[in-house]
Amino acid sequence: MFNQADVALLQNHATPFYCYNLALLRATLKSAKQAGNGYHLHYALKANSDVKILNEIREAGFGADCVSGNEVKRAIECNFASSDVVFAGVGKSDTEIRYALQSEIFCFNCESLPEMEVINQIAGSMGKKARVALRINPNVHANTHHYITTGLEENKFGISIHELPQVIDALKELTNLQLIGLHFHVGSQITDLNVFRSLCTRVNEIQEWFASRRIALKVINVGGGLGVNYHEPDTNNIVDFDTYFGVFRKFLEVRPGQEVHFELGRALVAQCGTLISRVLYVKKGVQTNFAILDAGMTELIRPALYQAYHKIENLTASPGATIARYDVVGPVCESSDCFGKSLDLAEVKRGDLIAIRTAGAYGEVMASHYNLRSLEPTVYL
Ligand code: LLP
């Protein structure tokens, strides 16, 4: 993905930093928009809230899916129309709710009855009516890492199906709320598309339940979760959006006048981002060699937190360099600060530029200041 000219440019920058390829981002957005034609596509800001990236995404015609008041604020600052902003999350604070109401966002994705009671009360005090969608926990297994599975009954997310009668009853009293639809999200990094087929089946059943009670639902929001290929970022740099949306076109029963909404994060931004780092030291261990980078879990926590794989490349290997095996680690004082064990890389030396690929989603946004560390400025290609 990086040609000689890119590498020469990257060499001029202090590391570690995130590098975003805006041309690839644009191509990805275009492909998603085309494949998702007729659907309402929101971008999940939690994956990456870089302002330049958000501007591209807004220009490409996406709405915004937010999970905090600050994300709502960021979306509005980046000129997303407030009527294209949805706000989810199990723990919305009073201040966040007030701000979202003031901003006239499209809708709150509500995750519990206590939350709806608070939104109702705050909306009433502001003389407003809040549009809400019920986030329903469909109890569909996402076949992904258990930390990023969200649609099971054991997870904290959403309203369980058994609670629905009680919630619908209670809604009659919550007169400052307007129920506009349903929201679902079963997990992230989902590569088995049968999961989305199962979701469609559940949604169809649940819709039937509402229809039998003559409750009209304008919006069906099926969330995000589409996974990307971390192993082959070059041959699979744009996700097969046609097949993904095709599942919904085939299996989701859409009722007359209904809008179908999506909230993709990772699939839109993961492949356009790379964490660029330099090798500080090559250290001989007892059983392995360590390549010690100036980036660590503080800049990209996914390997430490989810044992996630990210492809690592030596961008400045000498021509004809032999392949050697390394544990690639960061400088942070934690044993989990490791990007990968026993990885084969073109032989590395101090000062080599290292690319950690597919880091555009849940990379920079999850960076921390542990050890008082900080990132160098972002580079855009
Ligand atoms: N909608 C809701 C309600 C969500 O909770 C999420 C992600 C999305 C949409 C976007 O999902 P995506 O299309 O990006 O899969 N930090 C983890 C991922 C956490 C995802 C949380 N929710 C990781 O690095 O893998």
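Residues numbered from 1 in each chain as written. Predicted model: local features only at pLDDT ≥ 70, side-chain atom pairs only at ≥ 80, totals over all residues. Heavy atoms only, no water.

**Student:** If you had to explain the domain arrangement of the protein to someone new, which residues and values would you point to?
**Tutor:** When the domains of the protein are assigned, the result is domain 1 (22-270) and domain 2 (271-380). Each of domain 1 and domain 2 was reduced to a C-alpha centroid, and the two centroids are 33 Å apart. At the junction of the two partners, domain 1 supplies 24 residues and domain 2 supplies 22 residues. When the buried surface of domain 1 facing domain 2 is broken down by residue, Tyr230, Pro233 and Ala270 rank first, second and third, together holding 28% of it. The residue Arg357 makes a salt bridge to Asp234 at a minimum N-O spacing of 2.9 Å. Across the domain 1-domain 2 interface, the total number found is 12 residue pairs in polar contact (both at pLDDT 80 or more). Elements that contribute at least two residues to the side of domain 1 that touches domain 2 include exactly helix H2 (22-35) and helix H10 (266-269). In terms of residue count, H2 provides more of the side of domain 1 that touches domain 2 than any other element does, three residues in total. (Domains from an automatic or database assignment. Contact = heavy atoms within 4.5 Å. Buried area = accessible area lost by both parts, 1.4 Å probe. Salt bridge = Lys/Arg side-chain N within 4 Å of Asp/Glu carboxyl O. Polar contact = N/O pair within 3.5 Å; in protein donor to acceptor, adjacent residues only side chain to side chain. Helix = DSSP H or I, 4+ residues; strand = E, 2+ residues; numbered from the N terminus.)

**Student:** Got a sec to walk through the packing of aromatic side chains? Specific residues and values, please.
**Tutor:** The geometry of an aromatic ring pair is captured by two quantities: the separation of the ring centres and the angle between the planes. Under the defined criterion, the tally for this structure stands at 13 aromatic pairs. Note on Tyr244 and Phe248: the rings are 5.3 Å apart at their centroids and 70 degrees apart in plane angle, and the pair reads as edge-to-face. Highlighted residues: Tyr244 and Phe248, both in helix H9 (residues 241-251), separated by four residues, approximately one helical turn. Neither Tyr244 nor Phe248 differs from the other in exposure class; each is buried. Relative to Phe262, the ring of Tyr244 lies with its centre 5.9 Å away and its plane at 65 degrees, an arrangement referred to as edge-to-face. Residue Tyr244 is located in helix H9, and its partner Phe262 is located in strand S10 (residues 259-264); the two are separated by 18 residues in the primary sequence. Per residue, the accessibility class of Tyr244 equals that of Phe262, and both read buried. Each residue in the set Tyr39, Phe196, Tyr244, Phe245, Phe248 and Phe262 is aromatic and connected to the rest through ring pairs, giving one cluster. (Phe/Tyr/Trp six-rings, centres within 6.5 Å; stacked < 30°, edge-to-face > 60°. Buried < 20%, exposed > 50% of the residue type's maximum accessible area, 1.4 Å probe, protein only.)

**Student:** Mind laying out H9, listing which residues take part and the relevant values?
**Tutor:** Here H9 has its buried residues at Phe241, Tyr244, Phe245, Val247 and Phe248. Projection of H9 onto a plane perpendicular to its axis shows the buried side chains occupying an angular sector of 135 degrees, all on one side. More than 90 degrees from the buried face of H9, the exposed residues found are Asp242 and Lys250. Residue Asp240 occupies the N-cap position of H9, its side-chain oxygen lying 3.3 Å from the main-chain nitrogen of Asp242. (Arc of directions from axis to C-beta.)

**Student:** Lay out the site of the ligand in plain terms, naming residues and giving numbers.
**Tutor:** Residues in close proximity to the ligand total 18 residues, the closest being Ser188, Glu263, Arg302, Tyr306 and Tyr362. Arg266 places a main-chain nitrogen or oxygen 2.8 Å from an oxygen atom of the ligand. Tyr306 places a side-chain nitrogen or oxygen 2.7 Å from a nitrogen atom of the ligand. Protein chains shield 92% of the accessible area of the ligand, which is 580 Å² for the free molecule. Of all elements in the fold, only S10 and helix H11 (302-306) reach the threshold of two or more residues within the shell around the ligand. Grouping the constituent residues of the shell around the ligand by class yields six nonpolar, six polar and six charged. Two domains each donate at least three residues to the shell around the ligand, and these are domain 1 (22-270) and domain 2 (271-380). (Near = heavy atom within 4 Å. Areas by Shrake-Rupley, 256 points an atom, 1.4 Å probe, with all protein chains shown as cover. Nonpolar A, V, L, I, M, F, W, Y, C, P; charged D, E, K, R; others polar.)

**Student:** I'd like a description of the environment of Gln166, backed by residues and values.
**Tutor:** Among the structural elements, Gln166 can be located in helix H7 (residues 164-173). For Gln166, a relative accessible area of 48% puts it in the partly exposed group. When the C-alpha positions of Gln166 and Gly63 are compared, they lie 32 Å apart, and in sequence the two are 103 residues distant.

**Student:** Would you mind going over the nonpolar core in detail, with residue names and values included?
**Tutor:** Membership of the largest hydrophobic core comes to 102 residues, with the highest contact counts inside it found for Phe108, Met116, Leu134, Phe210, Phe241 and Phe248. Residues from two domains meet in this core; each of domain 1 (22-270) and domain 2 (271-380) gives at least three. Among all residues touching Phe248, those that are not within four sequence positions of it are Tyr39, Phe196, Leu199, Cys200, Val222 and Phe262. (Core = buried A, V, L, I, M, F, W, Y, C linked by side-chain atoms within 4.5 Å.)

**Student:** Could you give me a rundown of helix H4 (residues 69-77), with the residues and numbers involved?
**Tutor:** Looking at H4, one finds that the buried residues are Gly69, Glu71, Val72 and Ala75. Each buried residue of H4 sits inside an arc of 160 degrees when the element is viewed along its axis, so together they form one side. Residues Asn70 and Glu77 are exposed on H4 and point more than 90 degrees away from its buried face. Turning to H4, the residues buried within the fold contact strand S3 (63-66), strand S4 (85-87) and helix H5 (94-102). The first or second residue beyond H4 is Asn79, which carries a positive phi of 70 degrees.

**Student:** Residues and numbers for the environment of Asn137, please.
**Tutor:** When you line up the elements, Asn137 lands in strand S6 (residues 130-137). Spatially, the C-alpha atom of Asn137 lies 40 Å from that of Ser342, the residues being 205 residues apart in sequence. A polar side-chain atom of Asn137 sits 3.2 Å from the main-chain amide nitrogen of Asn139.

**Student:** Quick one: what's the story with the pairing of S6, residue by residue and with numbers?
**Tutor:** Among the eight residues of S6, seven are classified as buried, and the element is accordingly described as predominantly covered. Examined bridge by bridge, strand S5 (residues 107-110) and S6 share three bridges and lie parallel to one another. Paired with Phe108 across the bridge in S6 is Val132. Note that the unit made of S5, helix H6 (residues 113-125) and S6 has a crossover that is right-handed. Summarising the sheet, S6 and strand S8 (residues 177-183) pair through six bridges and their orientation is parallel. By the bridge assignment for S8, Arg135 is matched with His183. (Pairing = 2+ DSSP bridges. Right-handed = clockwise from strand over helix to strand, strands pointing away.)

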